[in-house]
Amino acid sequence: MTEARWGDDAKNPPIDWTMSAALENVVRSGEDVAEVTNLGAAVRAWRDLDPEHRTHAVLILDHPVHLDGAAVNRFEGEGIAALAERLSD
């Protein structure tokens, strides 16, 4: 049986930080190689990037997360910052 949810929790269910995610458009060891890891680690890696690489980075999730009621599975540049704000260390 599935429990019904109302209000803000229904629009924004908890984020699964352990799901698979790929951080792309980031140069590693002189090459542009996507890093496939879990969502939490990918967001932490993005936070460690210099501002130029943050701007060009692309984060692709295994399945969508809900932010402000919208389901999103791809984040770019500063869009990743909105996701990073929700990550508790």
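All of the points below concern the structure found in this document. The shown structure was predicted, so the numbers you read here are calculated from the model rather than taken from an experiment. (Residues numbered from 1 in each chain as written. Predicted model: local features only at pLDDT ≥ 70, side-chain atom pairs only at ≥ 80, totals over all residues. Heavy atoms only, no water.)

## Some details on helix H2 (residues 39–47)
Applied cut-off: The rule is simple: take the accessible area with a 1.4 Å probe, protein chains only, and divide by the maximum for that residue type; under 20% is buried, over 50% is exposed, in between is partly exposed. Here a strand is any run of E in DSSP of at least two residues, a helix any run of H or I of at least four, and the numbering for each starts at the N terminus. Every residue pair with non-hydrogen atoms within 4.5 Å of one another is taken to be in contact. As used in this structure description, the phrase polar contact means that two N or O atoms lie within 3.5 Å; if the pair is within protein, one of them must be able to donate a hydrogen and the other to accept it, and residues adjacent in sequence are counted only when both atoms belong to side chains.
All of the buried residues along H2 are Leu-39, Gly-40, Ala-42, Val-43, Ala-45 and Trp-46. Of the surrounding secondary structure, the elements contacted by the buried residues of H2 are strand E1 (20–24), strand E4 (35–38), helix H3 (51–56), strand E5 (58–67) and helix H4 (79–84). The opening residue of H2 is Asn-38, an N-cap whose side-chain oxygen sits 3.1 Å from the backbone nitrogen of Gly-40.

## Thoughts on the pairing of E5
Convention followed: Paired strands, as defined in this entry, are two strands with at least two bridges between them according to DSSP.
Here E1 pairs with E5 via four bridges, running antiparallel. The residue of E5 that forms the bridge with Ala-22 is Ile-60. Judged from the six bridges that link them, E5 and strand E6 (residues 70–76) form a sheet pairing that is antiparallel. Bridging across to E6, Val-58 finds its partner in Glu-76. Counting the residues in the hairpin turn of E5 and E6 gives two residues, including Asp-68, whose phi is positive at 55 degrees.

## Concerning the pattern of salt bridges
Defined as follows: Think of a salt bridge as a Lys or Arg side-chain nitrogen and an Asp or Glu carboxyl oxygen that are within 4 Å of each other.
For the structure shown, the criterion picks out two salt bridges. Between Asp-68 and Arg-86 there is a salt bridge, with its nearest N and O atoms 3.8 Å apart. Of this pair, Asp-68 sits in the loop between E5 and E6 while Arg-86 sits in the segment after H4, and the two are 18 residues apart along the sequence. Relative accessible area serves as the criterion here: at 63%, Asp-68 is assigned to the exposed category.

## What about the packing of aromatic side chains?
Applied cut-off: The criterion for an aromatic pair is that two Phe, Tyr or Trp rings (for Trp, the six-membered ring) have centres within 6.5 Å, with stacked assigned to planes under 30 degrees apart, edge-to-face to planes over 60 apart and tilted to the rest. Geometrically, a charge over a ring is one whose NZ (Lys) or CZ (Arg) sits within 6 Å of the ring centre while staying within 35 degrees of the ring normal.
A complete count under the given rule lists zero aromatic pairs for this structure. Across the ring face of Trp-46, the terminal group of Arg-54 is positioned such that the distance to the ring centre comes to 4.7 Å.

## Overview of the environment of His-56
Here His-56 shows up in helix H3. Residue His-56 is classed as partly exposed on the basis of its relative accessible area, which comes to 47%. Separated by 30 residues in sequence, His-56 and Val-26 place their C-alpha atoms 7.5 Å apart. With residues up to four places along the chain from it excluded, the contact list for His-56 reads Glu-24 and Asn-25.

## Notes on the nonpolar core
If you look at soluble globular proteins, the nonpolar side chains tend to sit buried side by side. Defined as follows: To qualify as a nonpolar core, a set must consist of buried Ala, Val, Leu, Ile, Met, Phe, Trp, Tyr and Cys residues joined through side-chain atoms within 4.5 Å.
Grouped together as the largest cluster of nonpolar side chains are 23 residues, with contacts concentrated most on Leu-23, Leu-39, Leu-59, Val-65 and Leu-83. For this core, the secondary-structure elements that each account for two or more residues are E1, H2, E5 and H4. The greatest single-element share of this core, amounting to five residues, is contributed by H2. Setting aside residues up to four positions removed in sequence, Leu-39 forms contacts with Ile-15, Asp-16, Trp-17, Met-19, Ala-21, Leu-59, Leu-61, Val-65 and Leu-83.

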